[in-house]
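Now for the letters of each chain:
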Amino acid sequence: MYSLWVTLEVQPEGRKEFLEAITRNAESSVRDEDGCLRFDVIELGDGTNTFAFYEVYTDRAAFEEEHLKAQHFLAYKDISTRVVVPGSQRETGGPMIASF
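Parameters at a glance
Residues numbered from 1 in each chain as written. Predicted model: local features only at pLDDT ≥ 70, side-chain atom pairs only at ≥ 80, totals over all residues. Heavy atoms only, no water. Salt bridge = Lys/Arg side-chain N within 4 Å of Asp/Glu carboxyl O. Helix = DSSP H or I, 4+ residues; strand = E, 2+ residues; numbered from the N terminus. Contact = heavy atoms within 4.5 Å. Phe/Tyr/Trp six-rings, centres within 6.5 Å; stacked < 30°, edge-to-face > 60°. Buried < 20%, exposed > 50% of the residue type's maximum accessible area, 1.4 Å probe, protein only. Expected span 1.5 Å × (residues − 1). Arc of directions from axis to C-beta.

Caption draft 1: Local environment of the pattern of salt bridges. Tallied over the entire structure, the rule returns seven salt bridges. Linking Glu43 and Arg15 is a salt bridge whose minimum nitrogen-to-oxygen distance equals 3.0 Å. One end of the pair, Glu43, is in strand β2 (residues 36-43); the other, Arg15, is in helix α1 (residues 15-32), with 28 residues separating them in the sequence. When salt bridges that share partners are traced, they join Glu17, Asp78 and Arg82 into one network.

And the structure:
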């Protein structure tokens, strides 16, 4: 399995639009992508506008070849380019070692 941890900060005025977009993206990813096993969206502190995503895919190809090309991801990406604080997004991914 392949897991991904993403953190980012959202501009305060874009918070509502971001939350709607990431919720649609996460829900659609799990529902519509055979390779997406989990997609959690976490706010890092109450009202901070800093968020993390924890995503799990069957393998890296499911992320790169299915998720990144999915219409719901592309719609999210369009919104995120407007509302995410430039330079704040960090992504770390790799093979999952254990899950309990």
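Caption draft 2: Representation of the environment of Ile22. Here Ile22 lies in helix α1. Ile22 sits 73 residues away from Pro95 along the chain, and the two C-alpha atoms are 23 Å apart. Excluding anything up to four places from it in sequence, Ile22 contacts Phe39, Val41, Phe53 and Tyr76.

Caption draft 3: Examining the packing of aromatic side chains more closely. Within this structure, the stated rule accounts for eight aromatic pairs. When the ring of Phe73 is compared with that of Tyr76, the centres are 6.4 Å apart and the planes differ by 45°; the resulting orientation is tilted. Remark: Tyr76 and Phe73 occur in helix α3 (residues 71-83); sequence separation between them is three residues, near one turn of the helix. On the accessibility criterion, Tyr76 (6% relative accessible area) is buried. The structure contains a cluster of three or more aromatic residues connected by ring pairs, namely Phe18, Phe39, Phe51, Phe53, Phe73 and Tyr76.

Caption draft 4: Spotlight on α3. Relative to the 18 Å expected for 13 residues at 1.5 Å per residue, α3 spans 19 Å between its end C-alpha atoms, a close match to the ideal helical length. Residues of α3 that are buried: His72, Phe73, Tyr76, Ile79, Ser80 and Val83. Buried positions in α3, seen along its axis, are confined to an arc of 130° and lie on one side of it. Summarising the geometry of α3, the exposed residues directed more than 90 degrees from the buried face are Gln71 and Thr81. Buried positions along α3 lie against β1 (2-9), α1 and β3 (50-57).

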